[in-house]
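Per-entry structural report
The chain contents come next:
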Amino acid sequence: MSGKNSDHTSDVTKNIEEPISKELKMIMWQMWIDMHLARYFEERVQWLFSKGLVHGTTHLGIGEEATAAGTIAAMKSQDYVFGTHRGHSQAIAKGIDVKYMMAEILARKTGVCKGKGGSMHIADPDIHYFGADGVLGASAVMCVGTALATRKRKEEDRISVVFFGDGTSNEGATWEAMNLAAVWELPVLFVCVNNTYGMSTPIKDVMKDTDIAKRAYPFGMPAKTVDGNNVLEVYHASVEAREYVASGKGPMLLVENTYRISGHSKSDGNLYRTKEEIESWKEKCPIKAFRKYLVENELFTEEELDKAAKTAADEIEQAEEFAKASPEPSFDDLMNDVYA
Amino acid sequence: MSGKNSDHTSDVTKNIEEPISKELKMIMWQMWIDMHLARYFEERVQWLFSKGLVHGTTHLGIGEEATAAGTIAAMKSQDYVFGTHRGHSQAIAKGIDVKYMMAEILARKTGVCKGKGGSMHIADPDIHYFGADGVLGASAVMCVGTALATRKRKEEDRISVVFFGDGTSNEGATWEAMNLAAVWELPVLFVCVNNTYGMSTPIKDVMKDTDIAKRAYPFGMPAKTVDGNNVLEVYHASVEAREYVASGKGPMLLVENTYRISGHSKSDGNLYRTKEEIESWKEKCPIKAFRKYLVENELFTEEELDKAAKTAADEIEQAEEFAKASPEPSFDDLMNDVYA
Amino acid sequence: MMKEITYAQAINDAMCEEMIRDETVFFMGEDIAEYCGAFGVSRGMLEKFGKDRIMNTPISEQAFVGAGIGAAMVGMRPIVELMFSDFMCVCFDELVNEAPKMRFMFGGKVKVPMVMRTPSGGGTGAAAQHSQSLEACLAHFPGLKVVIPSTPYDAKGLLKTAIRDDNPVMFLEQKTLYRTKGMVPEEEYTIPLGVADVKRSGTDCSIITYGRMVQMSLEAAELLMEEGINVEVVDIRSLVPLDHKTMIESVRKTRHVLIVHEAVQFGGFGGEIAGQIADSEAFYYLDAPIRRLGALSCPIPFNPNLEKAVFPTVEKIVAQVKSLL
Amino acid sequence: MMKEITYAQAINDAMCEEMIRDETVFFMGEDIAEYCGAFGVSRGMLEKFGKDRIMNTPISEQAFVGAGIGAAMVGMRPIVELMFSDFMCVCFDELVNEAPKMRFMFGGKVKVPMVMRTPSGGGTGAAAQHSQSLEACLAHFPGLKVVIPSTPYDAKGLLKTAIRDDNPVMFLEQKTLYRTKGMVPEEEYTIPLGVADVKRSGTDCSIITYGRMVQMSLEAAELLMEEGINVEVVDIRSLVPLDHKTMIESVRKTRHVLIVHEAVQFGGFGGEIAGQIADSEAFYYLDAPIRRLGALSCPIPFNPNLEKAVFPTVEKIVAQVKSLL
Ligand SMILES: Cc1ncc(C[n+]2csc(CCOP(=O)(O)OP(=O)(O)O)c2C)c(N)n1
Ligand SMILES: Cc1ncc(C[n+]2csc(CCOP(=O)(O)OP(=O)(O)O)c2C)c(N)n1
Ligand SMILES: [Mg+2]
Ligand SMILES: [Mg+2]
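All values reported here derive from a predicted model rather than from experimental measurement.

This part is about the coordination of the magnesium ion (ligand 4). Residue and element names in this part refer to chain B. At the metal site, the magnesium ion (ligand 4) is ligated by Asp-166 (OD), Asn-195 (OD1) and Tyr-197 (O), and these contacts range over 2.0 to 2.1 Å. In the primary sequence, the donor residues of the magnesium ion (ligand 4) line up as D-x28-N-x1-Y. Pair noted here: Asp-166 is in the loop between strand 2 (160-165) and helix 6 (172-183) and Asn-195 is in the loop between strand 3 (188-194) and strand 4 (197-198), with a separation of 29 residues, a long-range link.

Here's what the structure looks like:
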């Protein structure tokens, strides 16, 4: 394991203010659920794939659930969120209905994109989730645009958030987006989900300095790096980041260090990393760590947590049933959405 | 005047080691000539334009001559140089024959690009000058490629240099080039000619932090800012930069602060800046400052300098005559250079 | 009431009127404020609308085109200027893979009402990277609309429609037409996209064309008329949507067709037009092959004579029409 | 001696042979080393040639394509891989405004011997941004060559030629053909660019096509043969240079023509082919309109049935041929 992640422990107890408010407890509960929905959703998609029931490809983020859950829990529902190609957990945290997302993965008419987008284009503008995009870097520049609209409309308490990977931070578009958001002082929160690989390529092979937070420096933009496997650390940093961004001071960059346990996509043979490395990160599973914290601090009981997990599992199962029972889009639907 | 330039005085006496060697004196002589060739060349082009004798457009860099002369004097003849759209002074310092460059401006068959390129595409691969490019940002990425070739061939004492403007530093391509050169530790010298405007737009309107040198920071790449109107400061910084880059440690960024006295291009009405601002920079003319230094330090006499200037003026005059006497390319030449 | 204005003024007027009418419209691009754009099109707009609606951008085409898309996705109506149409290549992904596909990929849940204005074409001595006509590359992407006006009247009416359109529209202006003049109504008017305009009615041969080639074709038609050849000039005005019907009817009537565009002939949009004619009922009426006239297959040279040799000219149009009859 | 290998292996073999033959050849792109590219094309190459010649790049397409151009300008022969051809849009300027124009703009003083390899086309459920066939956008730029092989034999022979070519060559591979097999000589061979291959000789109708549509057209031809319709299938193999002569001769012979490509029909390269036929002597021999069959005008949908509905299929080809006769 190269880069900064090697130092990270996923001790969720650090940095947490006491006492814990009712509101925070509720948020923890929500994050617990979101992380499980994401995990179960993706495990199920992986299984469906292995059975040949899913068309195309998909990018799973098993092991990265705390980044989406923690950051989006700190956002407000009116905030615009742009996700990544590895965005199921982001969509879930933003509040997408997993039924419709599963239906999309199974290419159904009831899918959140009517079966036209698929895993790489999951989006739901109704909840201000502008989705996954298949071209790395594009989300960042578009996110600057929603923030610009917000400013033009003088909507004060609405920020725009864009998630992007460590690898994507090397796209010219990402740099241009940071510069533009900075000079126009737009309310954009840049969230780099640093899982230390772009596909098979470790960040040390594509960046001379792997400290991604430094990339904010030329733009006079604050940056913070957090343990992305520690959902509470992510959450608290995100609350602060949102406060900063919403205050009108301009954009900020949050780097969330984590690890992708699943392969890059269905075609991944994991030839670029060792089993040991993967196993060691399974130990640092953000869900495990969060459970430990919640139980040790007597916030929730094992039973409560298990029950919530079970409910999430059921929801995914129902989503699958819903999806499978849904019709496919018909040819008549095809041309509907080309032009408005 | 916004930005860092406001602090700059063009006192060429600072930072210079004594005593001055014979070699350095020769180099000063060459820079004196190059700056004059550039100035006279461009003044002549401007005049030809005003008379309607030049087709298309051209970008003049009157006032910026010290950047090209100082940096390229510090390079070796085998070094690859990529210039800007405002590149006449760069071509001259690299050793282009002004006859052929003038013939190009006048669209002649004897032009350095056979009349096919024009001012925006002046290049002469024979002297390793890869020219002006009309699309901002493109030169930087291509420059990374010549450096890569150099490394592959184990050519130790050859670096690749790319000039680009402050405005161009906002192009995604420029960022990608810096990152790639840095992570591959390629011998690239990035030279940002910061004249504080991209066309009509002052850098403070397009960068939150106008300290361009900071743009090297994320890449673990050293950077230095110099007074670009002080040709000796530019020269010495460039010698050091070349040493660093040629040593195999990777790329470096040099920011050369200067000012464009001429308009952006023929269509410029100078509506975005004041006459006073332009006049104040005429005072800081790099040629004037250099003369003062050379004379005060008794390196050359006024007479010697005037004679050299006169020789340069004559050369430009002859170039114009040569160009005007040259035939235009014929239709038969047209298709020759589309495919190799 | 009509008034005579330039093509550039028509575009300026269209933008100003729409910005007054609809406060979600704003305008951004490189050096469009004080400098008024490389061709002075936005003269006076900064004074009228202020810095908040007339925004100079950094030289970051991906970022500001992308920002236009993002703003459009949440209900604004940005007009974005690219200084030269050739630069579409540095933000091509945003133009062809994002803006036009977003609605479809998201199952119809979003709209991208953005207009991308940009000066296109050659004839100004700007050489290989500042003189291209790249409309064919855009028209190939479903979801995008592509408009190229040939007169001040069309420019104004089509631009107003484009700004009100709920889809991304590429509005390709013709550099060499900016200073040309034409009559334009004082009253408000719009022109629907997708309706060709028969700029000259004739009986012997159809010239199907657009952009600055319309004027050249009209000149050629005058010369040909002197020789008794009565040419019809069809200005398609928009490539997407394309007015198939008007083209076909014209060719059916004249039984001869020359397609003219300034873009490189090889792989140009003329191929689409030729293909549509060759597979229509007009095919059966043709008395001669379908001819195309576009630029030669080489980058655009700087030298003015070579440049002229590369592009279609009035003489070449005349010669081609004659060769068909 | 012949051996049977896959299309992917043919490409791999061509690269390896050329890298052994010429040490200025090197290979770079995203995840081409350990991962062997998104489609496993470069399997074994890292082991054979090492990290210096098989180079993973950052996700910075402008930078590494630009670096390829720069390296080519000073005498290297880079092979650059774009993971999906759709991503040409994020480095379009380098591909169409730099590499192909440099030589011309610099008056012939430089060469850019670079090959850009990239998997193209749909049929894999990768949706709107990973399934396009964008060759028409490339073929429109003079200075670039554009190759699309349809068999392992062609892929190997054409790629070797492309690598030895002194010009930038876009080499568009067909994703869905990677696992298809074909016979390839054990001995060294090359195939010149610009020579079409009549993949099936016939008398009743010409299908002019390329890429994965060649196989579909051959299947359609078999079905049509059962009904007594003898179709000729012309695989143009390269769009630039284009083998005009072979196309025209075929159409003259069969008097009917269907042009098939996977790319969106509107604005696709089929227009160029149609245009060339419609303005050739073959025009006078045509017994039916010139028909084109390409993808429908919409972004490529994720749903497999919708995706199929968008692209040409064997059935659609059969139906179109019949409709012409
Ligand atoms: C412009 C572009 N280039 C390349 C790809 C192919 N690709 C998809 S995901 C990926 C890796 C991205 O790495 P990172 O940004 O770190 O995100 P991660 O996959 O690790 O979540 C690549 C190369 C793409 N989709 N778009
Ligand atoms: C990709 C691209 N965008 C825009 C332009 C138009 N343009 C030419 S020069 C220029 C200003 C460049 O500013 P800077 O980099 O500071 O260089 P300077 O002109 O000041 O020397 C602009 C916007 C271009 N040539 N290419
Ligand atoms: Mg990553
Ligand atoms: Mg500048």
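On we go from here.
All names here are of chain A. On the protein side, the magnesium ion (ligand 3) has Asp-166 (OD), Asn-195 (OD1) and Tyr-197 (O) as donor atoms, found 2.0 to 2.1 Å from it. Linear spacing of the donor residues for the magnesium ion (ligand 3) on their chain is D-x28-N-x1-Y. Its relative accessible area of 6% is what places Asn-195 among the buried residues.

The subject of this paragraph is the site of ligand 1. Surrounding ligand 1, one finds 21 residues, the nearest of these being Arg-86, Gly-134, Gly-167 and Thr-168 of chain A together with Glu-61 of chain D. One nitrogen or oxygen atom from the side chain of Asp-166 of chain A is found 2.9 Å from an oxygen atom belonging to ligand 1. Separating a nitrogen atom of ligand 1 from a side-chain N or O atom of Glu-61 of chain D is a distance of 2.5 Å. Taking 580 Å² as the accessible area of ligand 1 by itself, protein coverage stands at 97%. Of the residues contributing to the shell around ligand 1, the split by class is seven nonpolar, nine polar and five charged.

Contacts between the two partners involve 23 residues from chain A, matched on the other side by 23 residues from chain B. With both sides pooled, the region where chain A packs onto chain B buries about 2,000 Å², and carbon together with sulfur makes up 55% of that total. In terms of surface lost to chain B, no three residues of chain A exceed Lys-208, Tyr-217 and Pro-218 of chain A, which account for 31% of the buried area on that side. In this assembly, chain A and chain B are joined by two salt bridges. Its salt-bridge partner being Lys-208 of chain A, residue Glu-185 of chain B comes within 3.5 Å of it at the nearest N-O pair. Summed over the shared surface of chain A and chain B, the result is ten residue pairs in polar contact (both at pLDDT 80 or more). With six residues, the single largest contributor to the side of chain A that touches chain B is helix 6 (residues 172-183) of chain A. When the residues that make up the side of chain A that touches chain B are grouped by side-chain class, the tally is nine nonpolar, four polar and ten charged.

The next thing to look at is the site of ligand 2. What surrounds ligand 2 is a group of 21 residues, the closest being Arg-86, Gly-134, Gly-167 and Thr-168 of chain B together with Glu-61 of chain C. Two or more chains meet at ligand 2, and those chains are chains B and C. Between an oxygen atom of ligand 2 and a side-chain N or O atom of Asp-166 of chain B, the distance comes to 2.9 Å. Relative to its unbound accessible area of 570 Å², ligand 2 is 98% covered by the protein chains.

In this section: the relation of the copies chain A and chain B. Least-squares fitting of chain A to chain B yields an RMSD of 0.0 Å, with the transformation described by 0.0 Å of translation along the axis and a rotation of 180°. Expressed as an axis order, the relation between the two copies is that of a two-fold axis. When each C-alpha of chain A is compared by its distance to the rotation axis, Gly-172 of chain A comes out closest, at 1.8 Å. Here 100% of the contact residues of chain A are again contact residues in chain B; the copies associate through an equivalent surface.

Taken together, the 54 residues of chain C in the interface contact 54 residues of chain D. Carbon and sulfur atoms make up 65% of the surface buried where chain C meets chain D, a total of about 4,300 Å² over both sides. Looking only at chain C, the three residues that lose the most surface to chain D are Phe-104, His-140 and Phe-266 of chain C, adding up to 17% of its buried area. Seen at the junction of chain C and chain D, the total is four salt bridges. With a shortest N-O distance of 2.8 Å, Arg-291 of chain C and Asp-279 of chain D are connected by a salt bridge. In this assembly, chain C and chain D are joined by 26 residue pairs in polar contact (both at pLDDT 80 or more).

This part takes up the sheet that holds strand 1 (residues 80-82) of chain B. Residue and element names in this part refer to chain B. Ordered in space as 1-2-3-7-6, the five strands form an open sheet in which the pairing is parallel. Unpaired on one side and paired on the other, strand 1 and strand 6 (223-227) mark the two borders of the sheet. Adjacent strand axes in the sheet meet at a mean angle of 20° when their direction is disregarded. Helix 5 (residues 138-152) contacts strand 1, strand 2 and strand 3 of the sheet and is inclined by roughly 170° relative to strand 2.

Geometry of an aromatic ring pair is reported as the spacing of the ring centres plus the angle between the planes. Residue and element names in this part refer to chain B. Applying the stated criterion across every chain yields a total of 44 aromatic pairs over all chains. For the ring pair Trp-175 and Phe-219, a centre distance of 6.3 Å and an interplane angle of 50° mean the geometry is tilted. On the criterion of sequence distance, the pair formed by Trp-175 in helix 6 and Phe-219 in the loop between strand 5 (201-202) and strand 6 is long-range, its members being 44 residues apart. Residue classification places Phe-219 among the buried residues on the basis of a relative accessible area of 1%.

Conventions used here
- Residues numbered from 1 in each chain as written.
- Chains lettered and ligands numbered in written order.
- Predicted model: local features only at pLDDT ≥ 70, side-chain atom pairs only at ≥ 80, totals over all residues.
- Heavy atoms only, no water.
- Donors = N, O, S within 2.8 Å, 3.2 Å for Na, K, Ca; no water.
- Helix = DSSP H or I, 4+ residues; strand = E, 2+ residues; numbered from the N terminus.
- Buried < 20%, exposed > 50% of the residue type's maximum accessible area, 1.4 Å probe, protein only.
- Near = heavy atom within 4 Å.
- Polar contact = N/O pair within 3.5 Å; in protein donor to acceptor, adjacent residues only side chain to side chain.
- Areas by Shrake-Rupley, 256 points an atom, 1.4 Å probe, with all protein chains shown as cover.
- Nonpolar A, V, L, I, M, F, W, Y, C, P; charged D, E, K, R; others polar.
- Contact = heavy atoms within 4.5 Å.
- Buried area = accessible area lost by both parts, 1.4 Å probe.
- Salt bridge = Lys/Arg side-chain N within 4 Å of Asp/Glu carboxyl O.
- Least-squares fit on C-alpha atoms with pLDDT ≥ 70 in both.
- Pairing = 2+ DSSP bridges.
- Axes fitted to C-alpha atoms, helices over the stretch in contact; angles between N-to-C directions.
- Phe/Tyr/Trp six-rings, centres within 6.5 Å; stacked < 30°, edge-to-face > 60°.

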